[in-house]
Amino acid sequence: MTTIQRQSGLWTLLLVLATGIAAAPLGSQELGIRPLAGATQAAAQDPSLWSFSLEAAGFGGTTGMAGRPCLTRAAYSISANFALGNEAWTYFALGLDGFALGESIPDPSLFLYRAYGGNSIYLETGPRFGLGGLGLRLFAKSRVEILGGAGIAATEDTGTTLVSLVPFLRFDARLHSPISSNWSWSVGLPAELQKHAAATTFIAGLSLAIVWTPQKETKK
Amino acid sequence: MSGTMSKHSGPFAALLFGLATIFLFAFQSCALPAAPADRYAIVIGIAAYPAYPLKYPVDDANDMATLLRSTGWTVDSADVLLDSVATRSAIQTAIAAFTSKVGSNSSILVYYSGHGAISSDDKTAYMIPYDGIISPDGYDMTKWITAADIDGWLNAIPCSNRILILDSCYSGGFVDTSASTDAAPANYGPNDGGVTKGSISIALADASGLLAKAFSDSSDPSILTISAAGMLEPSYDDEGHLHGAFTYWLLQAGSDSSADRDGNKLVTATEAYAYAKDKLLTNWDVLFSSTPTSVTDSSGNPIYADFLPRISGGSGDIVLYDNR
């Protein structure tokens, strides 16, 4: 245990992410490892909480397809999310968003990938981890949420009348920090893998969200 | 509450700043490539057909050649095919001659302004070269050029990018929407069978078809095609602008900075198309959407002169006007 306590914050965070458990906070008189606040054991006793959030995200990424180069592009999205979960797991997060991908930079032959945008719906699920066990005061009330899922978007090629469906996989890691008992905000690292016509696009970015949880969370 | 916010905003702000910095650095290296020299175009304009002459295709072709030359394309004088020169064999020969010019990174473009037609049974669309019309009562359909013909001719050229621009009636029949569905009907207009629908309504109405396309192992059309009109629409000469109604706005896209939506001095084919389409909607279609012309279609229905340009589907785009 002494060894664990000497680890840096990063190693401790990795341990948290890998195992879902955390070392006791620095200065704690307890010995051994205890379940993370809000982990499975506690979660079983907690009522489910639903939350609603509004999120804005900016992305950078690359698009490629057979016979053509991978070219970079930027994107943004504005989304509304409804989530249901307990302190250990997000049962589901349903997102509705409006998004736009700009055209890519051109290759040397002046070929590029067309801009498109539209509306999408996606469903995600994944674990949540409290960070109280890290021993870092700044993150004492923060929580990490790891989400993965899939969605479908109805898109229009920008400036055209061409409509297509774009299936995508989505991954999202979010760090939540409370503002008040009902409000929190989160910063996230969303990433998506989209298939638009013959091309595949990977975008990753940064999101910022304001989250409203109507129920009061149980204090630990 | 404010105290809580300030206490926790430090690491978030640092994280935001760090990620924003990474994001900016990632895109700083995305410099635009230098203009490639090997972009070759053929422009075709046929007004003086032996019968059913048009007014402005030659002006369209000449002005398009000038614009293309000033925006990065090589247009040899021999590749400006006007009136009686623009026979089927001359067009085919000129396209085939690209082969000796291009490299694997080259782009080729064919612009055509002239008559077009569509068969009423199988909806095959045609470009009609000069020798496709013999007299008021005589056509030589063996000279007409189908989408399959020109696709074959262009795809035989070993180059990177191919653009086909058609200002002719029913030219939407040359447009391959690929994995997309066109939200505009083949005959656009409030009196012609519908107007453009939104992406959501199209997605819901054609969900199974679009899903099948979305998950299919499709490839982009090998030719980026822009047509003046839909598959069931005539296109028109514009007496006010002394050009084809569509071509006039396509030419304007080369010099109007608003066509360059992202302001990078590169007007892509899609940007030019979008500009011309929007201008046509607001400057032409509004004048003719509710007033039928004096002619009728084969069923005796009045024809409304509103029409909508179309563009092929797929993910790819090609710079049309390089204004750097």
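Computed from a predicted model, the values in this text were never measured in an experiment. (Residues numbered from 1 in each chain as written. Chains lettered and ligands numbered in written order. Predicted model: local features only at pLDDT ≥ 70, side-chain atom pairs only at ≥ 80, totals over all residues.)

With respect to the overall build of chain A
Quick note on the threshold: Note on conventions: DSSP H or I runs of at least 4 residues are helices, E runs of at least 2 residues are strands, and numbering of each starts at the N terminus.
Along its length, chain A carries three helices and eleven strands. The linear arrangement of helices and strands in chain A, starting from the amino end, is α-α-β-β-α-β-β-β-β-β-β-β-β-β.

Remarks on the overall build of chain B
Under the convention used in this document: Buried, partly exposed and exposed are defined by the number of other C-beta atoms within 10 Å of a residue's own C-beta, namely 20 or more, between the two limits, and 12 or fewer respectively, with C-beta atoms placed from the backbone. What counts as a contact here is a pair of residues whose C-beta atoms, placed from the backbone, lie within 7 Å.
If you tally the helices and strands in chain B, you get eight helices and 18 strands. Out of the 324 residues belonging to chain B, those deemed buried represent 47%. For chain B, the share of sequence-separated contacts (at least 6 apart) that also reach a separation of at least 24 residues comes to 73%.

Regarding the interface of chain A and chain B
Rules: Residue type decides the class: Asp, Glu, Lys and Arg count as charged, Ala, Val, Leu, Ile, Met, Phe, Trp, Tyr, Cys and Pro as nonpolar, and the leftover types, Gly among them, as polar. Note on pairing: DSSP must find at least two bridges between two strands before they are called paired.
Between chain A and chain B, the contact holds 44 residues from the first and 59 residues from the second. Going through the elements one at a time, β3 (49-65), β4 (68-85), β6 (111-113), β7 (116-130), β8 (143-157), β9 (162-178), β10 (183-196) and β11 (199-212) of chain A are the ones with two or more residues in the side of chain A that touches chain B. Element by element, the count of residues in the side of chain A that touches chain B is highest for β9(A), at seven residues. Looking at the side of chain A that touches chain B residue by residue, the classes come out as 23 nonpolar, 14 polar and seven charged. Sheet topology places β6(A) next to strand β18 (residues 316-322) of chain B; three bridges connect them, and they run antiparallel. Within β18(B), the residue paired with Phe111(A) across the bridge is Ile318(B).

Some remarks on the sheet that holds strand β9 (residues 161-167) of chain B
Residue and element names in this part refer to chain B. Sheet architecture is open: six strands sit in the order β2-β1-β3-β9-β11-β17, paired in mixed fashion. A single partner strand is all that each edge strand has here, and the edge strands are β2 (80-82) and β17 (310-311). For strand β3 (residues 107-113) and β9, the ladder comprises seven bridges, and the chain directions are parallel. Bridge pairing in β9 links Ser-107 to Asn-161.

A few points about the sheet that holds β6(A)
Rules: Between N-to-C directions, angles span 0 to 180 degrees; the directions come from axes that are lines fitted to C-alpha atoms, helices contributing only their stretch in contact.
Strands sit in the order β6(A)-β18(B)-β14(B) across an open sheet of three strands; the sheet is antiparallel. The open sheet terminates on both sides in strands that have one partner only, identified here as β6 of chain A together with β14 (266-268) of chain B. Taking the axes of each pair of neighbouring strands and ignoring which way they run, one obtains an average angle of 50 degrees across the sheet.

Some remarks on the packing of helix α7 (residues 245-252) of chain B against helix α8 (residues 269-288) of chain B
All names here are of chain B. Going by this rule: Roughly parallel here means an angle under 35 degrees, roughly antiparallel means over 145, roughly perpendicular means 65 to 115, and every remaining angle is called oblique. Handedness of a crossing is defined here by the sense of rotation of the near helix relative to the far one, left-handed for an anticlockwise turn of less than a right angle and right-handed for a clockwise turn.
As a packed pair, α7 and α8 sit with axes 8 Å apart at the nearest point and diverge in direction by 130 degrees. Considering their axes alone, α7 and α8 lie oblique with respect to each other. Handedness of the α7/α8 crossing: right-handed. Every residue of α8 that contacts α7 at Ala-245, Phe-246, Trp-249, Leu-250 and Gln-252 is listed here: Ala-272, Tyr-275, Ala-276, Lys-279, Leu-280 and Trp-284. A breakdown of the residues in the contact of α7 with α8 according to their chemical character gives nine nonpolar, one polar and one charged.

Let's talk about the pairing of β10(A)
Residues and elements named next belong to chain A. Where β9 lies against β10, eleven bridges are found, and the strand directions are antiparallel. Following the sheet pairing, Leu-175 is matched in β10 by Val-187. Taking the residues that link successive antiparallel strands as the turn, the β9-β10 hairpin has four residues. As paired elements, β10 and β11 share twelve bridges and run antiparallel to each other. Bridge pairing links Ser-184 to Val-211 in β11. Linking two consecutive strands that pair antiparallel, namely β10 and β11, is a turn of two residues; a positive phi of about 55 degrees is found at Ala-197 within it.

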